[in-house]
Amino acid sequence: AIERRAQATWTGDLRSGQGEFDLESSHAVEHEQVTFASRFEQPGGKTSPEELIAAAHATCFSMALAGGLARSGHPPTKLETDAQVTLDNVDGGFGITSIHLTVRGEVDGLDEDGFEQAAQDAKQNCPVSKALAAVPEITLDASLA
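## Section: the nonpolar core
Nonpolar side chains in soluble globular proteins generally cluster together in the buried interior. If you look at the biggest cluster of nonpolar residues, it comprises 25 residues, and the most contacted ones within it are Phe61, Leu65, Leu69, Val103 and Phe115. Counting only elements with at least two residues in this core, the list comes to helix H2 (49–71), strand S4 (78–90), strand S5 (93–106), helix H3 (112–125) and strand S6 (137–144). With six residues, H2 is the single largest residue contributor to this core.

## Here we look at the packing of aromatic side chains
Per the counting criterion, the structure on display carries two aromatic pairs. Look at Phe36 and Phe40: their rings are 4.7 Å apart centre to centre, the planes differ by 35°, and that puts the pair in the tilted class. In this pair, Phe36 and Phe40 both sit in helix H1 (residues 36–40), four residues apart, roughly one turn of the helix. Overall, Phe40 belongs to the partly exposed group, its relative accessible area being 28%.

## Overview of the side chain of His57
One can find His57 in helix H2. Judged by its relative accessible area of 0%, His57 is buried.

## A short note on the packing of H2 against H3
Packing of H2 against H3 brings their axes to within 8 Å, and their N-to-C directions diverge by 130°. Classified by the angle between their axes, H2 and H3 sit oblique to one another. Here H2 runs over H3; the crossing is right-handed. Here Phe61, Ala64, Leu65 and Leu69 of H2 lie close against H3, whose contacting residues are Phe115, Ala118, Ala119, Ala122 and Lys123. When grouped by side-chain class, the residues that make up the contact of H2 with H3 number eight nonpolar, no polar and one charged.

Basis of the calculations
- Along each chain, numbering runs from 1 in the same order as the chain's sequence is written.
- Per-residue local features are limited, in this predicted model, to residues with pLDDT of at least 70; the limit for side-chain atom pairs, both in listing and counting, is 80 or more; totals at the level of whole chains, interfaces and linings are taken over all residues.
- The side-chain figures draw on all heavy atoms in the structure; neither hydrogens nor water molecules are used.
- Side-chain atoms within 4.5 Å link the members of a nonpolar core, which is a set of buried Ala, Val, Leu, Ile, Met, Phe, Trp, Tyr and Cys residues.
- Think of it in three bands: residues with accessible area under 20% of the maximum for their type are buried, residues over 50% are exposed, and the middle band is partly exposed, with areas taken using a 1.4 Å probe on protein chains only.
- Helix and strand definitions follow DSSP, with helices as H or I runs of at least four residues and strands as E runs of at least two, each counted in order from the N terminus.
- Two aromatic rings from Phe, Tyr or Trp, using only the six-membered ring of Trp, form a pair when their centres are within 6.5 Å; if the ring planes differ by under 30 degrees the pair is stacked, by over 60 it is edge-to-face, and anything between is tilted.
- Angles shown run from 0 to 180 degrees and are taken between the N-to-C directions of axes, each axis being a line fitted to C-alpha atoms and, for helices, limited to the stretch in contact.
- Relative orientations are named as follows: roughly parallel for angles under 35 degrees, roughly antiparallel for angles over 145 degrees, roughly perpendicular for angles from 65 to 115 degrees, and oblique for any other angle.
- Note on convention: the crossing is left-handed when the near helix lies turned anticlockwise from the far helix by less than a right angle, right-handed when the turn is clockwise.
- Residues count as neighbours in contact if any of their non-hydrogen atoms are within 4.5 Å of one another.
- By the convention adopted, Pro, Cys, Tyr, Trp, Phe, Met, Ile, Leu, Val and Ala count as nonpolar, Lys, Arg, Asp and Glu as charged, and the other residues, Gly among them, as polar.

Take a look at the structure:
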């Protein structure tokens, strides 16, 4: 099993407090700040859990798609994936209501239908998509560049 760790600290109440997190396994990000405003208003140079989920999903999906394309004999030259995570007030509390993935690929020897099918397969089978299965709507727009 592969394990990765992150550590978060929050001080103060929700609205006026602040937090920070470190990626403990890689140390690639340390002392990254998050506030109520960066999550629910404007980022102001800080991040949010939803932005981190978007980054994780876009990366995981791209890796799954690259692997699937290579296994089918069409290794990609380039994949560019954007993930948009929507946080909204639902039934008196906040929740992630949708994720929209957009991928543009450069893949030799593959038509649009083949690319779309490979992208749908990656969307269904990447570990982050599986972990986010409770999100009511995950959509995909896939096309060749």
